[in-house]
Structure formats: structure tokens, C-alpha cells
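Structural characterization, general
Residue strings, one per chain:
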Amino acid sequence: MSETILSIRDLKVNYGGIEAVKGISFDVEEGSIVTLIGANGAGKSSTLRTIAGLVKPASGKIIFRGDDITNCDTNVIVRKGITLVPEGRRIFPDLTVLENLRVGAYLRNDDIAGDIQWVYDLFPRLRERSWQAGGTLSGGEQQMLAVARALMCKPKLIMMDEPSLGLAPLVVRGIFDIIREINAQGVTVLLIEQNANMALKVADYAYVLETGRIGLSGTGKELLTNDDVRKAYLGS
């Protein structure tokens, strides 16, 4: 039976006087793909940013592999094994692909050569463009680089915020194939995605966020066939 790698308990997140996340609780099982879906402003990105230590919660607890990381700094959270692929990729456009990957391993003190080859095997396009500046890559290639850079931290849990945003449908399918492959290699995935159909197809479990609260939850397959989810997020 899988163990819980991440537990969120009654998490509340405020921006000024606005309550973005209103006391949510959920678990992520080790080795799984879990997705959060919901409309813009539902609190999805705020949840991931709080787990990553970029935003401090108003209250609640974040437990990762048995440790309370609720108020830890981001560098501590990365060292413990959580990385975030942010919305908008946020690669370093003036650095080469290889330099971007080395930046991803900035907290490591061990040899990274083997892991650079590993991410190049996952993303052969990046190997071909190893000495090319990140800013000259296509949108899909930049997204691959953002994911590869996050993997250079050797995470136990990788969080992805809208990895398919702005990409062509064919490229989107490739990104989701990569998400499956990363998961198959033992990395747990927590995913935010506007393309609810694709997200639910890859997800072992899913939560629907509605204005800062969890409205529905179930397996990906269950939510794909849920009438309310189909009407609200799947366009049918």
C-alpha cells in the first residue's frame, strides 16, 4: 500500500485582506499523479506556491514525508525533495540550456553529470540544443527545459503549474507523455492544469477547487465521468 508523501491540513492563504485558500485538506500518495483543477482564481496556484515556501500560510499545516514544512524557507523545502515548475516557465533566457540545468542543481554538492544525461534522455531535443540560449527555444522546448531544470534537484515530489499553457495541441500531448514518464521513474507529481481533460486522464486522483475550497474529489476516471465536472470544465 502506498504511503502518503504530502498532507495538507486546513490550509488557509491570504493576500492582504483576500482569502485565496479557505481551509483545504488533501493528501498526495507517494508515486502517484494528483491534479488540482478549477477556474482561474480558485486558489490552485496559491496552494502550490505555499507548499513551495514562496507564500507563507495564514494557518494550517503542510506535512512532507512526516516533517512539518509549513513555515520552512524555499531552499529548505527544495533540499527536502519538493520542486516547483512555475507557470510561465521562468527559465533564464540568456543562459544556455546546459547552464539552466546547472542552475537547477545549485543546492547539490554531488556530481550532477549523470543527472544531466538522464534529463537529456528524457528530453532529447534539449540535448540537441545544449549550447543554445534558453530564450531562443520554442514554447514547448522552454517548457521541457523548465521541467528538466526542476528535475535536476532530484525531487521526490515535482509540482507543475499549468505546464501546457500556450502550447499547441501536439506539443501538449508530448508534455503529458513526459509527465507520465517522470512518474514512471518514481517521481510523485502534483499538477495544476487548465486542460482538465488531459489532466484527469493522467491523474490517479484529483481535487476540484472552487473559490478556495475543495468542492469535489475522486479518481481521475471518476471525475472525467462526473456530470458537474463535465459541464464546468470539460465543455460537455
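Residues numbered from 1 in each chain as written. Predicted model: local features only at pLDDT ≥ 70, side-chain atom pairs only at ≥ 80, totals over all residues. Heavy atoms only, no water.

**Re the side chain of lysine 44**
By secondary structure assignment, the location of lysine 44 is in helix α1 (residues 44-51). Comment: no salt bridge for buried lysine 44; closest opposite-charge side chain is glutamate 162, at 4.8 Å. Side-chain polar atoms of lysine 44 contact the backbone oxygen of alanine 39, separated by 3.1 Å. In this view, lysine 44 contacts Leu36, Ile37, Gly38, Ala39, Glu162, Ile192, Gln194 and Leu209; residues no more than four positions away in its chain are not counted. (Helix = DSSP H or I, 4+ residues; strand = E, 2+ residues; numbered from the N terminus. Buried < 20%, exposed > 50% of the residue type's maximum accessible area, 1.4 Å probe, protein only. Lys, Arg positive; Asp, Glu negative; His and termini not counted. Salt bridge = Lys/Arg side-chain N within 4 Å of Asp/Glu carboxyl O. Polar contact = N/O pair within 3.5 Å; in protein donor to acceptor, adjacent residues only side chain to side chain. Contact = heavy atoms within 4.5 Å.)

**Quick notes on the sheet that holds strand β2 (residues 18-29)**
In spatial order, the strands read β2-β1-β4-β5; together these four strands make up an open sheet with antiparallel pairing. Edge strands, defined here as strands with exactly one partner in the open sheet, are β2 and β5 (67-68). Relative to strand β4 (residues 59-64), strand β1 (residues 4-15) is paired through five bridges, and the arrangement is antiparallel. The residue of β4 that forms the bridge with arginine 9 is lysine 61. On top of the sheet, α1 reaches β1, β2 and β4; it is set at about 115° to β1, its chief contact. (Pairing = 2+ DSSP bridges. Axes fitted to C-alpha atoms, helices over the stretch in contact; angles between N-to-C directions.)

**With respect to the environment of glycine 81**
Within the secondary structure layout, glycine 81 lies in the loop between α2 (74-80) and β6 (82-85). Along the primary structure glycine 81 and proline 155 are separated by 74 residues, whereas in three dimensions their C-alpha atoms are 4.4 Å apart. Setting aside chain neighbours within four positions, we find glycine 81 in contact with Phe64, Pro155, Lys156 and Leu157.

**Quick word on helix α6 (residues 139-151)**
For α6, spanning 13 residues, the distance from its first C-alpha to its last is 19 Å, which sits close to the expected 18 Å at 1.5 Å a residue. Of all the 13 residues making up α6, twelve are buried; the element is thus mostly covered by neighbouring parts of the structure. Of all the positions in α6, only Gly140, Glu141, Gln142, Gln143, Met144, Leu145, Ala146, Val147, Ala148, Arg149, Ala150 and Leu151 are classed as buried. Contacts made by the buried residues of α6 are with β6, α3 (97-104), α4 (113-122), α5 (124-128), β7 (157-161) and α7 (169-184). (Expected span 1.5 Å × (residues − 1).)

**Some details on the pattern of salt bridges**
Think of it this way: side chains of opposite charge can pair up when their charged atoms draw near. Across all of its chains, the model carries nine salt bridges by this definition. Note that arginine 127 and aspartate 121 form a salt bridge whose closest N and O atoms lie 2.8 Å from each other. Its relative accessible area of 54% is what places aspartate 121 among the exposed residues. With a shortest N-O distance of 3.2 Å, arginine 125 and glutamate 141 are connected by a salt bridge. Separated by 16 residues along the polypeptide, arginine 125 in helix α5 and glutamate 141 in helix α6 bring together distant segments of the chain. Residue classification places arginine 125 among the partly exposed positions, given a relative accessible area of 37%. Its relative accessible area of 6% is what places glutamate 141 among the buried residues.

**Digging into the sheet that holds strand β10 (residues 213-219)**
Strand order in the open sheet formed by six strands is β6-β7-β8-β3-β9-β10, and the pairing between neighbours is mixed. With partners counted over all chains shown, the strands left at the sheet margins are β6 and β10, one partner each. Between one strand and the next, the sheet's axes are offset by a mean angle of 15°, whatever the strand orientation. Examined bridge by bridge, strand β3 (residues 33-37) and strand β9 (residues 205-210) share four bridges and lie parallel to one another. Across the sheet, threonine 35 pairs through a bridge with alanine 206, a residue of β9. Docked against the sheet, α6 engages β6 and β7, running at close to 170° with respect to β6. Against the sheet, α7 touches β3, β7 and β8 (188-192), its axis set at about 150° to β8.

**Describing the environment of isoleucine 182**
Topologically, isoleucine 182 is positioned in helix α7. Sequence separation between isoleucine 182 and serine 25 is 157 residues, and the spatial gap between their C-alpha atoms is 26 Å. If near-sequence neighbours (up to four positions away) are discounted, isoleucine 182 is found in contact with Leu122, Val147, Leu151, Ile158, Met160 and Val187.

In short, the description is geometric, and any link to function would need to be established separately.
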